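# Overview (structure and organization)
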Number of protein chains: 2
Amino acid sequence: MTTKDVGRAARRGPYAKSEERRRTILDAAHEVFAAHGYRGGSLQGVADKVGLSQTSLLHYFPSKRDLLMAVLERRDEITGDAFPDDMEEGLVDSVIRTALFNENIPGVVELYIVLCAESVTDSHPGRVYFTERFERLRKSYALRFAELAAQGRLRPGVDPDLAAMSLVALWDGLQTQWLLAPDEVDVVKGLRGYFNLVILPEPPST
Amino acid sequence: MTTKDVGRAARRGPYAKSEERRRTILDAAHEVFAAHGYRGGSLQGVADKVGLSQTSLLHYFPSKRDLLMAVLERRDEITGDAFPDDMEEGLVDSVIRTALFNENIPGVVELYIVLCAESVTDSHPGRVYFTERFERLRKSYALRFAELAAQGRLRPGVDPDLAAMSLVALWDGLQTQWLLAPDEVDVVKGLRGYFNLVILPEPPST
């Protein structure tokens, strides 16, 4: 082992440990915010879950707001957020794949639903995040619907912008109903139903 | 004035005053829950708004939970909740009328969105209310879509149950996006778009 290696290991050691600790805190915060919302969830509750003092926790995330933003970023990483930016994959495949994936992570869906709705309340720190997220999603889906229209595959009369907004709305609303009645509500079936309404089948290749 | 009349007035007086007080408390609770959610909103906050002590407030509503349920009932009264039970009015007219009405009461919509999402969290007192509300709405709309199907006015391939679930979901999701971006999102336009997809135009009468 050279001096350089030792230096690296020393640097990597504490760094890795700190990263691990950060990750553990984020997992705990995720659980707390999903179960109680941002306003109802407390830093003390998160600290208790990971066996830290609040002061130690604030060393990793300087404020509750910072913790919230980190949890939301982490959520984006987990879900990939179904932005159909990968041109290899079509809109339908991308949305259905993500919706199927979400069936296995009800806790993450719950976090999203709770924080999103909470964000419409007075001076909520998540408001900008959700407003921008919706704007980005609507634009991204509208582009894809417009592409389908150009290929003659959007039902005549369907507006790409309105279809994009409706798809996002439908998905969110179905997830809420699903969390309350998982045996009765099928998010994927609902999304497929909508795609079948607005997208015309591909003409058979000649 | 007879003795009987005096008795009546005496009874009506305190009763009317108490009813008025209840109504004032409900209005304040509505504002507090809409702005902070149920978990984030405090009884003290409601009491402060109406200039009562918490103890006096608890005389009218024995617990925060009771206050929540009363606020939700009041919301149902205000919105009429778009149950198309009035057979004189069709599904589309009923939904669009309510959606137009909701445009003027963003505070009530906010309360609904926030409490509904919060209700999916651990042991939330509103959970049963929202679960039952969704079930009732889905059934009610499914019946109406089935009637349209029987009249040959549902697009072939559209399932009444799935359409009902999707309509409820779409409406909720659009309202959330509208609260965050009222200038960009048009709930009524989104709902009309969906109706245009699933319901076929009435054949011209001969």
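For clarity, every value in this text was computed on a predicted model and none was experimentally measured.

### Here's the deal with the overall build of chain A
- Secondary structure summary: chain A contains nine helices and zero strands in total.
- Ordered by position in the sequence, the α and β elements of chain A form the string α-α-α-α-α-α-α-α-α.
- By the burial criterion, 51% of the 206 residues in chain A qualify as buried.
- Taking contacts inside chain A between residues at least 6 apart in sequence as the whole, the part at least 24 apart equals 69%.
- For chain A, the accessible surface area stands at approximately 10,200 Å², while carbon and sulfur atoms represent 51% of it.

### Concerning the relation of the copies chain B and chain A
- The transformation that overlays chain B on chain A combines an axial shift of 0.0 Å with a rotation of 180°, and the residual RMSD is 0.0 Å. The superposition operator between the copies reduces to a two-fold rotation axis. In terms of C-alpha distance to the rotation axis, chain B has Leu170 of chain B as its closest residue, with the C-alpha 2.1 Å off the axis.

### Side note on the packing of helix H6 (residues 106-118) of chain A against helix H8 (residues 160-180) of chain A
Residues and elements named next belong to chain A.
- One can describe the packing of H6 onto H8 by two numbers: an axis separation of 10 Å at closest approach and a directional angle of 120°. When the axes of H6 and H8 are compared, the pair comes out oblique. Crossing angle aside, the handedness with which H6 passes H8 is left-handed. Along its contact with H6, which presents Pro106, Val109, Glu110, Tyr112 and Ile113, the element H8 presents Asp172, Gln175, Thr176, Trp178 and Leu179.
- Residue composition of the contact of H6 with H8, grouped by class: six nonpolar, two polar and two charged.

### Side note on the pattern of salt bridges
Residue and element names in this part refer to chain A.
- Evaluated as defined, the whole model comprises 14 salt bridges over all chains.
- The salt bridge involving Asp76 is made with Arg75; its shortest N-O contact spans 3.4 Å.
- Here Arg75 falls in the buried class, since its relative accessible area comes to 5%.
- Linking Arg153 and Glu202 is a salt bridge whose minimum nitrogen-to-oxygen distance equals 3.9 Å. Of this pair, Arg153 sits in the loop between helix H7 (127-150) and H8 while Glu202 is found in the segment after helix H9 (187-198), placing the two residues 49 residues apart along the sequence.

### Observations concerning helix H8 (residues 160-180) of chain B
- Relative to the 30 Å expected for 21 residues at 1.5 Å per residue, H8 of chain B spans 31 Å between its end C-alpha atoms, a close match to the ideal helical length.
- Across the 21 residues of H8 of chain B, 20 count as buried, placing the element largely inside the fold.

### Here's the deal with the environment of Thr98 of chain B
All names here are of chain B.
- Mapped onto the elements, Thr98 comes out in helix H5 (residues 91-102).
- With 19 residues separating them along the chain, Thr98 and Thr79 place their C-alpha atoms 7.0 Å apart.
- At a separation of 2.9 Å, a polar atom in the side chain of Thr98 contacts the main-chain carbonyl oxygen of Ser94.

### Some remarks on the interface of chain B and chain A
- The interface is formed by 44 residues belonging to chain B together with 44 residues belonging to chain A.
- The contact between chain B and chain A buries some 3,700 Å² in all, and 68% of this surface belongs to carbon and sulfur atoms.
- When the buried area of chain B at its contact with chain A is split by residue, Val120, Gln177 and Leu180 of chain B rank highest and sum to 19% of it.
- Applying the counting rule to chain B against chain A returns two salt bridges.
- In this structure, the salt-bridge partner of Glu184 of chain B is Arg138 of chain A, at a minimum N-O distance of 3.3 Å.
- Residue assignment for the side of chain B that touches chain A shows that the elements contributing at least two residues are helix H1 (3-40), helix H6 (106-118), helix H7 (127-150), H8 and helix H9 (187-198) of chain B.
- When its residues are assigned to classes, the side of chain B that touches chain A shows 23 nonpolar, eleven polar and ten charged.

### Some remarks on the packing of helix H4 (residues 64-79) of chain A against H6 of chain A
Residue and element names in this part refer to chain A.
- Between H4 and H6, the shortest axis-to-axis distance is 11 Å and the interhelical angle comes to 130°. Taken together, the axis directions place H4 and H6 in an arrangement best described as oblique. Remark: the crossing between H4 and H6 carries left-handed chirality. Residues Leu68, Val71, Leu72, Arg75, Ile78 and Thr79 of H4 lie in contact with H6, whose contacting residues are Val108, Leu111, Tyr112 and Leu115.
- Looking at the contact of H4 with H6, its residues break down into eight nonpolar, one polar and one charged.

### Brief notes about the UniProt feature "DNA-binding region" (unreviewed entry) in chain A
- When the UniProt feature table is mapped onto this chain, "DNA-binding region" (unreviewed entry) is found at residues 42-61 of chain A.
- As a span, residues 42-61 of chain A carries 75% helix and 0% strand, and end to end its C-alpha atoms are 13 Å apart.

### Regarding H5 of chain B
Residue and element names in this part refer to chain B.
- Its twelve residues give H5 an end-to-end C-alpha distance of 17 Å, which sits within 8% of 16 Å, the value for a rise of 1.5 Å per residue.
- For H5, the complete set of buried residues consists of Leu91, Ser94, Val95, Ile96, Thr98, Ala99 and Asn102.
- Of the surrounding elements, those touching the buried residues of H5 are helix H4 (64-79), H6, H7, H8 and H9.

### Observations regarding the packing of aromatic side chains
- Scanning the model with the defined rule gives six aromatic pairs over all chains in all.
- With centroids separated by 5.8 Å and ring planes inclined at 55°, the aromatic side chains of Tyr112 of chain A and Phe130 of chain A adopt a geometry described as tilted. Residue Tyr112 of chain A is located in helix H6, and its partner Phe130 of chain A is located in helix H7; the two are separated by 18 residues in the primary sequence.
- On the basis of relative accessibility, which here comes to 3%, the residue Tyr112 of chain A falls in the buried class.
- Ring centres of Tyr129 of chain B and Phe130 of chain B lie 4.9 Å apart, and the angle between their planes is 85°; this geometry places the pair in the edge-to-face category.
- Judged by relative accessible area, which is 1%, Phe130 of chain B ranks as buried.
- The ring of Tyr38 of chain A carries Lys64 of chain A above its face, with NZ or CZ at 4.5 Å from the centroid.

The rules behind the values
- Residues numbered from 1 in each chain as written.
- Chains lettered and ligands numbered in written order.
- Predicted model: local features only at pLDDT ≥ 70, side-chain atom pairs only at ≥ 80, totals over all residues.
- Heavy atoms only, no water.
- Helix = DSSP H or I, 4+ residues; strand = E, 2+ residues; numbered from the N terminus.
- Buried < 20%, exposed > 50% of the residue type's maximum accessible area, 1.4 Å probe, protein only.
- Contact = heavy atoms within 4.5 Å.
- Areas by Shrake-Rupley, 256 points an atom, 1.4 Å probe, with all protein chains shown as cover.
- Least-squares fit on C-alpha atoms with pLDDT ≥ 70 in both.
- Axes fitted to C-alpha atoms, helices over the stretch in contact; angles between N-to-C directions.
- Parallel < 35°, antiparallel > 145°, perpendicular 65-115°, else oblique.
- Left-handed = near helix turned anticlockwise from the far one by under 90°.
- Nonpolar A, V, L, I, M, F, W, Y, C, P; charged D, E, K, R; others polar.
- Salt bridge = Lys/Arg side-chain N within 4 Å of Asp/Glu carboxyl O.
- Expected span 1.5 Å × (residues − 1).
- Polar contact = N/O pair within 3.5 Å; in protein donor to acceptor, adjacent residues only side chain to side chain.
- Buried area = accessible area lost by both parts, 1.4 Å probe.
- UniProt positions renumbered as here; feature names shortened; annotations may be inferred.
- Phe/Tyr/Trp six-rings, centres within 6.5 Å; stacked < 30°, edge-to-face > 60°.
- Lys NZ or Arg CZ within 6 Å of the ring centre and 35° of its normal.

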